[in-house]
Amino acid sequence: MSKKKKIVLIVIILIIAFAVFRIVSGKMDDTGVTASDVINIKVATAELTTLESTSPLTGRLEPVEEVSLIPKIAGEVTKVYVSLGDKVSNGTVLFELDKTQVATTYNQAKVSYDDARVALERMTTLYNEGAISLQQYEQAKTQFSIAKEVYTAASDGINNYVVTSPIDGYVTSINVSEGTIASQAVAAVTIANIDKLEIETSVSENMINKVNLGDKVNVLVSSVSDTPLSGTITALSPAPATGSLTYPMKVTLDSVSKDVKPGMFAEVIITSEKTENVLAIPSNAVLIKSGKTVVATIDKENKVVMKEVVVGVDNGDLAEIKSGIAAGETIVVEGQYYLEETSKINIIE
């Protein structure tokens, strides 16, 4: 092949290669997405506020009043008057035991008591009239006293066969039924007053001097609502529990809705620190860049300015800014992690 032909061939190849390049580039331009260097951000204004640092304490809601009723005597259950979940009052009869044998003793004691009472009344009249001696009168008084004690004991005994509720509340468990034997080893019925609930928890030595008996606290029952309930510290130990380094504490709910029930997990929110009139911004607005603590701000010309700050109390939601920015400055609260001072920005609502 001559030199001239070679040159022509090379030119043709170059033309074809350039054409292919243009075609491929055109297709990429048609289907590709041009990257933008504009960063969307959200902003807020640095303001003076009250900053609180809280410490949550955990526990379970329990009834303030709860009783487990164990019969004073064992015996066959003849009647059960309540069901699980029933509301009862103080004195409500819950169940009865077979009192056939004790009833006989009771009836005999009552007859003897009535006879001795009538006899004493008659002897008193006779003694006042001088018809009997002092000795006869004293004997009648003694017989009456003995009969009265026997009758009282029999009355107490028969009352043990009728079990009543000692408090107002709800039946939370029943372990007896008609025909079964009520044991003195197992609670027959449990009654709980769920109108008042409390949380038993404890505080550390760092917190014990920051709480006082009667303090109002927030109680969060997250399974029911994200809105805290109001509670009061009703018991606070001045010394740690045996074998523990924490101080026992009780918090009673000020009011109980029907949705809040015993056994639910609760958090007692204790305010450990409270600072008023401080400059605070959202905690996530604070960044660490090149080993420095900074906040991305937007100046009057809508440009990004990174400012080094000194952070004080941070409760996880808000961070106190001791120096570096001033109240009224515009700070970036979303998109700040992608910013540099040369970044182009678009502020969105």
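Fair warning: this is a prediction, and the values are worked out from it, not measured in the lab.

Participant: If you had to explain the side chain of S165 to someone new, which residues and values would you point to?
Facilitator: Inspection of the secondary structure puts S165 in the loop between β6 (162-164) and β7 (169-174). Residues within four places of S165 in sequence aside, it is in contact with L69, V88, S89, N90, G91, T92, L94 and I191.

Participant: Can you tell me about the confidence of the model for the protein, naming the residues and giving the values?
Facilitator: Scored by pLDDT, the protein comes out at a mean of 86, with 90% of its residues at no less than 70. The model gives residues 26-35 a pLDDT under 50, and that stretch makes zero contacts with residues more than four places away or in other chains.

Participant: Please provide a residue-by-residue account of the packing of aromatic side chains, values included.
Facilitator: A full pass over the atoms with the stated rule returns four aromatic pairs. Look at Y113 and F144: their rings are 5.6 Å apart centre to centre, the planes differ by 35°, and that puts the pair in the tilted class. In this pair, Y113 is assigned in helix α2 (residues 100-128) and F144 in helix α3 (residues 134-159), connecting sequence segments 31 residues apart. Aromatic side chains Y113 and Y151 sit 5.0 Å apart centroid to centroid with 15° between the ring planes, which places their arrangement in the stacked category. Taken together, the residues span a long stretch of sequence, with Y113 in helix α2 and Y151 in helix α3 at a distance of 38 residues. On the basis of relative accessibility, which here comes to 18%, the residue Y151 falls in the buried class. The structure contains a cluster of three or more aromatic residues connected by ring pairs, namely Y106, Y113, F144 and Y151.

Participant: So, the packing of α2 against α3: which residues are in play, and what are the values?
Facilitator: It is at 8 Å that the axes of α2 and α3 come closest, and there the two elements cross at 155°. The orientation of α2 with respect to α3, classified from their angle, is roughly antiparallel. Judged by the sense of rotation from one axis to the other, the crossing of α2 with α3 is left-handed. Here the contact of α2 with α3 is composed, by residue class, of 18 nonpolar, seven polar and four charged.

About the criteria used
- Residues numbered from 1 in each chain as written.
- Predicted model: local features only at pLDDT ≥ 70, side-chain atom pairs only at ≥ 80, totals over all residues.
- Heavy atoms only, no water.
- Helix = DSSP H or I, 4+ residues; strand = E, 2+ residues; numbered from the N terminus.
- Contact = heavy atoms within 4.5 Å.
- pLDDT = per-residue confidence, 0-100.
- Phe/Tyr/Trp six-rings, centres within 6.5 Å; stacked < 30°, edge-to-face > 60°.
- Buried < 20%, exposed > 50% of the residue type's maximum accessible area, 1.4 Å probe, protein only.
- Axes fitted to C-alpha atoms, helices over the stretch in contact; angles between N-to-C directions.
- Parallel < 35°, antiparallel > 145°, perpendicular 65-115°, else oblique.
- Left-handed = near helix turned anticlockwise from the far one by under 90°.
- Nonpolar A, V, L, I, M, F, W, Y, C, P; charged D, E, K, R; others polar.

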